[in-house]
Amino acid sequence: MENNSNIKWYKQSVTKLDRQKANNHKSFVIWFTGLSGSGKSTIANALEIELFKREVKTFCLDGDNVRHGLNKNLGFSDEDRRENIRRIAEVAKLIVDAGVVVLVSVISPFSEDRNEARKLLGNDEFFEVFVKCPLEVCEKRDPKGLYKKARAGHIKQFTGISQRYEQPTNPDLTIDTSKLTVNESVTTILSFLNKHLEIN
Ligand SMILES: Nc1ncnc2c1ncn2[C@@H]1O[C@H](COP(=O)(O)OS(=O)(=O)O)[C@@H](OP(=O)(O)O)[C@H]1O
Ligand SMILES: Nc1ncnc2c1ncn2[C@@H]1O[C@H](COP(=O)(O)OP(=O)(O)O)[C@@H](O)[C@H]1O
């Protein structure tokens, strides 16, 4: 670990609150966690469309996409997943500081890593949404054919098959995508978010 004692924080004049006031809403992270195929990306995307219509400033950080760039050097070991989540949480925090609502969609299978992300952002700026869906349903959907490959042994450490997923024990919201349509999930999240968007 580098010694950072020679690095001092530079306090900028335009604050997060200034930016939130200019945007007319608060900024925070909505953290979607769940198995591959549970619907994280689909719901985040549909939610973003609705928030965009309402002139809420948003940005999506999707695990698959971030792994094409910033996190392209990371794989799927416990250690790499932890680092993946750590970096994504740090980036999300920067975007929250910019006054923007961040929609994060990552499997984030380990409770400890999600808790670290919550600690970094704080309870007022981190809302965990558990995208609940039985493994059998995710596997049936298999939108990218990954479960098939994992069952055939072509993908090691695949979440739900050969790597564990620790379900959230106290999420801010749970949406069961085996029971709700995409529209119903979005409506549920929007009504949860309404009260959190307002600047007091
Ligand atoms: N071994 C293994 N396990 C799980 N997922 C795998 C794996 N290999 C590739 N993929 C694809 O990578 C996407 C998951 O990336 P994440 O960054 O969300 O994963 S994690 O949070 O670090 O666990 C995941 O995306 P989603 O299907 O959108 O969840 C998969 O498309
Ligand atoms: N009720 C539902 N909610 C969300 N996705 C659904 C639902 N029913 C079917 N699907 C489909 O399941 C798949 C979910 O894939 P995706 O959103 O990529 O999941 P994840 O990002 O969690 O891996 C999509 O093909 C989507 O169309």
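Residues numbered from 1 in each chain as written. Chains lettered and ligands numbered in written order. Predicted model: local features only at pLDDT ≥ 70, side-chain atom pairs only at ≥ 80, totals over all residues. Heavy atoms only, no water.

The protein is annotated in an unreviewed UniProt entry as Adenylyl-sulfate kinase of Anaerobacillus alkalilacustris. Under the UniProt heading Pathway (unreviewed entry), the note attached to the protein is "Sulfur metabolism; hydrogen sulfide biosynthesis; sulfite from sulfate: step 2/3." (UniProt positions renumbered as here; feature names shortened; annotations may be inferred.)

Any chance you could explain the side chain of N84 here in plain terms?
Locating N84 in the fold gives a position in helix α4 (residues 78-97). If we ignore the near neighbours within four places in the chain, the residues touching N84 are R67, N71 and L74. (Helix = DSSP H or I, 4+ residues; strand = E, 2+ residues; numbered from the N terminus. Contact = heavy atoms within 4.5 Å.)

It is not clear to me how the nonpolar core should be interpreted in this structure. Could you clarify?
A general trend in soluble globular proteins is that nonpolar side chains are found buried together. I30, F32, L47, L51, L103, I189 and L193 are the most contacted members of the largest nonpolar core, which totals 22 residues. For this core, the elements supplying multiple residues, two or more each, are β1 (29-33), α2 (40-53), β3 (101-105), β4 (126-132), β5 (173-176) and α8 (182-197). Residues in contact with L51, not counting those within four places in the same chain, are V56, T58, L103, L190, L193 and L197. (Core = buried A, V, L, I, M, F, W, Y, C linked by side-chain atoms within 4.5 Å. Buried < 20%, exposed > 50% of the residue type's maximum accessible area, 1.4 Å probe, protein only.)

What should I look at first to understand the UniProt feature "domain: APS kinase" (unreviewed entry) in the protein in this one?
Under the local residue numbering, the UniProt record ascribes the feature "domain: APS kinase" (unreviewed entry) to residues 26-176. Between the first and last C-alpha atoms of residues 26-176 the distance is 27 Å; the span itself is 41% helix and 17% strand.

Please explain the pattern of salt bridges as it appears in this structure.
Two side chains of opposite charge can pair, provided their charged atoms sit close to one another. By the definition in use, this model includes 15 salt bridges. Across the salt bridge formed by D78 and R164, the nearest N and O atoms sit 3.2 Å from each other. Taken as a pair, D78 in helix α4 and R164 in the loop between α7 (146-151) and β5 lie far apart in primary sequence, 86 residues in all. By relative accessible area, which is 28% here, D78 ends up partly exposed. Note on R164: relative accessible area 42%, which makes it partly exposed. (Salt bridge = Lys/Arg side-chain N within 4 Å of Asp/Glu carboxyl O.)

Please explain the UniProt feature "active site" (unreviewed entry) in the protein as it appears in this structure.
UniProt feature "active site" (unreviewed entry): in the numbering of this structure it lies at S108. Looking at the element boundaries, S108 is found in the loop between β3 and α5 (111-121). Ignoring anything within four residues of it in the chain, the contact list for S108 reads W31, F32, T33, I85, R114 and Y165. Looking at S108, its side chain comes within polar contact range of the side chain of W31, at 3.0 Å. (Polar contact = N/O pair within 3.5 Å; in protein donor to acceptor, adjacent residues only side chain to side chain.)

Any chance you could explain the layout of surface pockets here in plain terms?
Gaps left between atoms are located by rolling a probe of water-molecule size over the structure's atoms. Counted as a void, the largest pocket has a volume near 600 Å³. Residue lining of the largest pocket: 30 residues in total, with S36, D64, F76, I107 and K144 positioned closest to the centre. Elements with a minimum of two residues in the lining of the largest pocket: α2, α3 (63-66) and α4. Its residues placed into classes, the lining of the largest pocket shows 10 nonpolar, 13 polar and 7 charged. The calculated volume of the second largest pocket comes to roughly 340 Å³. Taken together, 13 residues line the second largest pocket, and the ones lying closest to its centre are W9, Q12, V14, K16 and D97. Partitioned by chemical class, the residues of the lining of the second largest pocket number 5 nonpolar, 2 polar and 6 charged. (1 Å grid on protein atoms, 1.4 Å probe; cavity = no way out; pocket = protein on both sides within 12 Å on 5 of 7 lines; lining within 4 Å. Points joined across faces, edges and corners; volume = space filled by probe spheres on them. Nonpolar A, V, L, I, M, F, W, Y, C, P; charged D, E, K, R; others polar.)

I would appreciate a short explanation of the packing of α4 against α5 in the present structure.
In a pair of packed helices, the angle between the axes and the distance between the axes together describe the arrangement. For the pair α4 and α5, interaxial distance at closest approach is 10 Å and the crossing angle is 20°. If you check the angle between α4 and α5, you find them roughly parallel. Where α4 crosses over α5, the handedness of that crossing is right-handed. Listed contacts from α5 to R81, R82, I85, A89, E90, K93 and V96 of α4 are D113, A117, L120 and L121. (Axes fitted to C-alpha atoms, helices over the stretch in contact; angles between N-to-C directions. Parallel < 35°, antiparallel > 145°, perpendicular 65-115°, else oblique. Left-handed = near helix turned anticlockwise from the far one by under 90°.)

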